[in-house]
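# Architecture at a glance
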Amino acid sequence: MASVTLKKINKVFGHTHILHDIDLSIHDGEFVVFVGPSGCGKSTLLRLIAGLEEISSGDLDIGGQLVNELTPKERGVGMVFQSYALYPHLSVYDNIAFGLKLAKESGETVTARVENTARILHLEPLLHRKPKELSGGQRQRVAIGRAMAREPRILLFDEPLSNLDASLRVKMRTEIAKLHQRVKSTMVYVTHDQVEAMTLADKIVVLNAGRIEQVGSPFELYESPASLFVASFIGSPKMNLLPASLAAPDPYTSQVAVPGVGQVDVAVDSQHLDAGCTLTLGIRPEHLELEPASGGENCLEVVNVEYLGNESYVYIQHPDEDELLVARVPVPVRVRPGQLVRLLIKPELAYVFDADGRAVKRTVPAPEVSTVSHA
Ligand SMILES: Nc1ncnc2c1ncn2[C@@H]1O[C@H](COP(=O)(O)OP(=O)(O)O)[C@@H](O)[C@H]1O
Ligand SMILES: [Mg+2]
């Protein structure tokens, strides 16, 4: 086990600057997830930590030691890839033992490590099978076992579940969470799937175009996104975002003018902003309350209602926006397609972002458990 510290890490491929001044601390035993859209630099950052890619500038520390010049083996990292790349002609046992034998570990060590790994990953009944005789989830467990058996100080995962179907992905997600609770080693996990990030991480690192956008616990990122990017990336369905402007700056409760919605009071400190400046108002689908209306100002039309069993999604057309607004409402739903509604937005549940997409500071603490009530 070990901590990892990245100080001003940069990566340049040819003339392309891929990673910019990455500063990050990963604690001993922590489960850290790098998340972001495809191409933002997640794999590159993981490969820099692994030693599979050279660091262009900056310092990488593992367990208090500068490791920039060390090989992957010397760094004590194990890596699990999206394509499990098991040796097809070798049994599960030999696949797991392969790296240990290559490292010239003694016969007893190899046996003990393979048995221990198989026990932790529930692979004991499968040790004599060949990869083609295994399911996708079992193969992925063998790939994890192969990385674990060498008892690395840090386990690195690059989208290890992307090749699995949706239900198996959910199952394997739980397996990986349980594995972390059992072995407690430092784990760094890359995914483009925000649900995987939210469910697995102690700490999420949101990357955007080669820069860290925000670092925080799942709760912090969901309740206090630092930017429009994080706000719209974390959470499904996405946070509703509406163009707005500041009607009256105030240190506690700011009046925001939202076309199509009206004047909304929001618990943010806007005293440093100018009246009339451009803003974006954000409201999570579970916080959007709908009030049936019969016409007049600020009425919006319900265009679709999706019934999901435990709840419904109500889609609403804003006259100036292409993207529909969405409200998550309990069943039974009281509105129908074609009906007019007004949006009710509670001051403490809305978000405001400035013209640069940075969050305007809230003046009430994020509620531990969000309250949802609907008209
Ligand atoms: N070996 C390489 N040479 C040049 N560009 C690369 C190389 N590897 C990755 N890139 C570029 O770096 C960017 C980040 O890639 P990557 O880290 O794989 O993103 P992610 O894993 O977030 O999808 C992409 O624009 C990609 O094209
Ligand atoms: Mg990748």
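Further up the page is the structure itself.
For the structure given in this document, a descriptive report is provided here. (Residues numbered from 1 in each chain as written. Chains lettered and ligands numbered in written order. Predicted model: local features only at pLDDT ≥ 70, side-chain atom pairs only at ≥ 80, totals over all residues. Heavy atoms only, no water.)

In this section: the nonpolar core. In this structure, Val33, Ile96, Ile144 and Tyr189 are the most contacted members of the largest nonpolar core, which totals 44 residues. Top element by residues in this core is helix H5 (residues 136–148). It accounts for five residues. Excluding anything up to four places from it in sequence, Ile144 contacts Val80, Leu121, Phe157, Met172, Ile176 and Leu179. If you look at the next biggest cluster of nonpolar residues, it comprises 31 residues, including Val266, Cys277, Val302 and Val314. (Core = buried A, V, L, I, M, F, W, Y, C linked by side-chain atoms within 4.5 Å. Buried < 20%, exposed > 50% of the residue type's maximum accessible area, 1.4 Å probe, protein only. Helix = DSSP H or I, 4+ residues; strand = E, 2+ residues; numbered from the N terminus. Contact = heavy atoms within 4.5 Å.)

Attention now goes to the environment of Gly14. In this structure, Gly14 sits in the loop between strand S1 (4–13) and strand S2 (16–26). Once the C-alpha coordinates of Gly14 and His287 are considered, the two residues, 273 residues apart in sequence, prove to be 47 Å apart.

Considering all chains together, one arrives at one cavity of 30 Å³ or more under this definition. If you go around the largest cavity, the residues you meet are Ile120, Leu121, Arg141, Ile144, Met172, Glu175, Ile176, Leu179 and Arg182. Only H5 and helix H6 (166–183) provide two or more residues apiece to the lining of the largest cavity. Here the lining of the largest cavity gets five residues from one element, more than from any other, and that element is H6. Residue composition of the lining of the largest cavity, by class: six nonpolar, no polar and three charged. (1 Å grid on protein atoms, 1.4 Å probe; cavity = no way out; pocket = protein on both sides within 12 Å on 5 of 7 lines; lining within 4 Å. Points joined across faces, edges and corners; volume = space filled by probe spheres on them. Nonpolar A, V, L, I, M, F, W, Y, C, P; charged D, E, K, R; others polar.)

Inspection of every chain in the model, using the stated rule, returns four aromatic pairs. Residues Phe31 and Tyr189 carry aromatic rings whose centres are separated by 5.8 Å and whose planes lie at 40° to one another, so their mutual orientation is tilted. Taken together, the residues span a long stretch of sequence, with Phe31 in strand S3 (residues 31–35) and Tyr189 in strand S8 (residues 186–191) at a distance of 158 residues. Here Phe31 and Tyr189 have matching classes, each one buried. Ring geometry for Tyr87 versus Phe98: centroids 4.5 Å apart, planes at 40°, classification tilted. Taken together, the residues span a long stretch of sequence, with Tyr87 in the loop between strand S6 (77–80) and helix H3 (92–102) and Phe98 in helix H3 at a distance of 11 residues. (Phe/Tyr/Trp six-rings, centres within 6.5 Å; stacked < 30°, edge-to-face > 60°.)

In this section: the sheet that holds strand S9 (residues 203–208). Pairing is mixed across the open sheet formed by six strands, whose spatial order is S6-S7-S8-S3-S9-S10. Because the sheet does not close on itself, it has two edges, and the strands there are S6 and strand S10 (211–216). The mean angle between the axes of side-by-side strands here comes to 20°, regardless of whether they run parallel or antiparallel. Across five bridges, the pairing between S3 and S8 is parallel. The residue bridging Val32 from the neighbouring strand is Val188, located in S8. Against the sheet, helix H1 (residues 42–50) makes contact with S3, S6, strand S7 (154–158), S8 and S9, and its axis sits at roughly 155° relative to S7, the strand it touches most. Most of the contacts of H5 go to S6, to which it runs at about 165°, and overall it touches S6 and S7. (Pairing = 2+ DSSP bridges. Axes fitted to C-alpha atoms, helices over the stretch in contact; angles between N-to-C directions.)

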